[in-house]
Amino acid sequence: MKERGILAYFHTEEQAKQAAEELKRHGVEIVQVDRFSVIPSTEERDLDNPIAEPISSLAQNVMDADISSPDAGVLAAAHPSASGMADGSGWQSDEDVLVTAVVDESRLEEMRALLESMGARL
């Protein structure tokens, strides 16, 4: 029996958990839900003194991103959450919840269709 992996991205954790439960109801045994971020960050940094702790990027200040280089800072600052270049329409919201599933190859298309019907981007 050959197996294949599916990576399905969702906007909300609730959507992802519902999709994971639906996969399990359809007999998929290996299902995992994870949240990730496109912006790296650390919890330990304290930005209350911009003179002693200079800001390397707009994204570092606005999104608490951990910026590794000037180039990474420019790229992260272009994100709508940092730049403010969003109109509130919701199109720019992140798909930052990932459902990973391992399915039998013979049921791959069926499970992909199921996830897409539940709002996943594959």
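Everything below is about the structure shown above.
So, a few notes on the structure that sits alongside this text. (Residues numbered from 1 in each chain as written. Predicted model: local features only at pLDDT ≥ 70, side-chain atom pairs only at ≥ 80, totals over all residues. Heavy atoms only, no water.)

Let's talk about the pattern of salt bridges
Then step 1. Enumeration according to the criterion identifies 6 salt bridges in this entry.
Then step 2. Its salt-bridge partner being E105, residue R4 comes within 3.4 Å of it at the nearest N-O pair. With a gap of 101 residues between them, R4 in strand β1 (residues 3-10) and E105 in the loop between β3 (97-104) and α5 (108-117) connect regions that are remote in the sequence.
Then step 3. Two residues, E22 and R25, come together in a salt bridge whose shortest N-O distance is 2.7 Å. (Salt bridge = Lys/Arg side-chain N within 4 Å of Asp/Glu carboxyl O. Helix = DSSP H or I, 4+ residues; strand = E, 2+ residues; numbered from the N terminus.)

Here we look at α5
Then step 1. Along α5, the residues that are buried comprise L108, M111, L114 and L115. End-on view of α5: buried residues confined to an arc of 130°, all on one side of the axis. Opposite the buried face of α5, by more than 90 degrees, sit the exposed residues E109 and S117.
Then step 2. Packing partners of the buried residues in α5 comprise β1, α1 (13-25) and β3. (Buried < 20%, exposed > 50% of the residue type's maximum accessible area, 1.4 Å probe, protein only. Arc of directions from axis to C-beta. Contact = heavy atoms within 4.5 Å.)

Some words on helix α3 (residues 70-77)
Given 3.6 residues per helical turn, the α-helix brings residues three or four places apart onto the same face.
Then step 1. Within α3 the residues assigned to the buried category are G73, A76 and A77. Buried positions in α3, seen along its axis, are confined to an arc of 95° and lie on one side of it. Along α3, the residues that are exposed and aim more than 90 degrees away from the buried face are D71, V74 and L75.

Observations regarding the side chain of D96
Then step 1. Inspection of the secondary structure assignment puts D96 in the loop between α4 (80-83) and β3.
Then step 2. At a separation of 2.9 Å, a polar atom in the side chain of D96 contacts the side chain of R35. (Polar contact = N/O pair within 3.5 Å; in protein donor to acceptor, adjacent residues only side chain to side chain.)

Observations concerning the nonpolar core
Then step 1. Ranked by size, the top nonpolar core spans 18 residues in total, and within it F10, L23 and L115 carry the most contacts.
Then step 2. For this core, the elements supplying multiple residues, two or more each, are β1, α1, β3 and α5.
Then step 3. What F10 contacts, discounting residues up to four positions off in sequence, is Q15, A16, A19, D94, E95, D96, V97, V99, L115, M118, G119 and A120. (Core = buried A, V, L, I, M, F, W, Y, C linked by side-chain atoms within 4.5 Å.)

Describing the layout of surface pockets
Over the atoms, a rolled probe matching the size of one water molecule traces out where space is still vacant.
Then step 1. Taken as a whole, the largest pocket spans an internal volume of roughly 170 Å³.
Then step 2. The wall of the largest pocket is formed by M1, E3, G27, V28, E29, I30, V102, V103, D104, R107 and M111.
Then step 3. Residue contributions to the lining of the largest pocket peak at 3 residues, all from β3.
Then step 4. Partitioned by chemical class, the residues of the lining of the largest pocket number 6 nonpolar, 1 polar and 4 charged. (1 Å grid on protein atoms, 1.4 Å probe; cavity = no way out; pocket = protein on both sides within 12 Å on 5 of 7 lines; lining within 4 Å. Points joined across faces, edges and corners; volume = space filled by probe spheres on them. Nonpolar A, V, L, I, M, F, W, Y, C, P; charged D, E, K, R; others polar.)

Observations regarding the sheet that holds β3
Then step 1. Spatial ordering of the open sheet is given by β1-β3-β2, a layout of 3 strands whose pairing is antiparallel. Each having just a single partner strand, β1 and β2 (30-35) make up the two edges of the open sheet. Each strand axis lies, on average, 15° off the axis of its neighbour in the sheet, ignoring direction.
Then step 2. Relative to β3, β2 is paired through 6 bridges, and the arrangement is antiparallel. In the sheet register, Q32 faces β3, and the bridge partner there is T100.
Then step 3. On top of the sheet, α1 reaches β1, β2 and β3; it is set at about 175° to β2, its chief contact.
Then step 4. Here α5 sits on the sheet in contact with β1 and β3, set at roughly 10° to β1. (Pairing = 2+ DSSP bridges. Axes fitted to C-alpha atoms, helices over the stretch in contact; angles between N-to-C directions.)

Nothing here speaks to function; it is geometry throughout.
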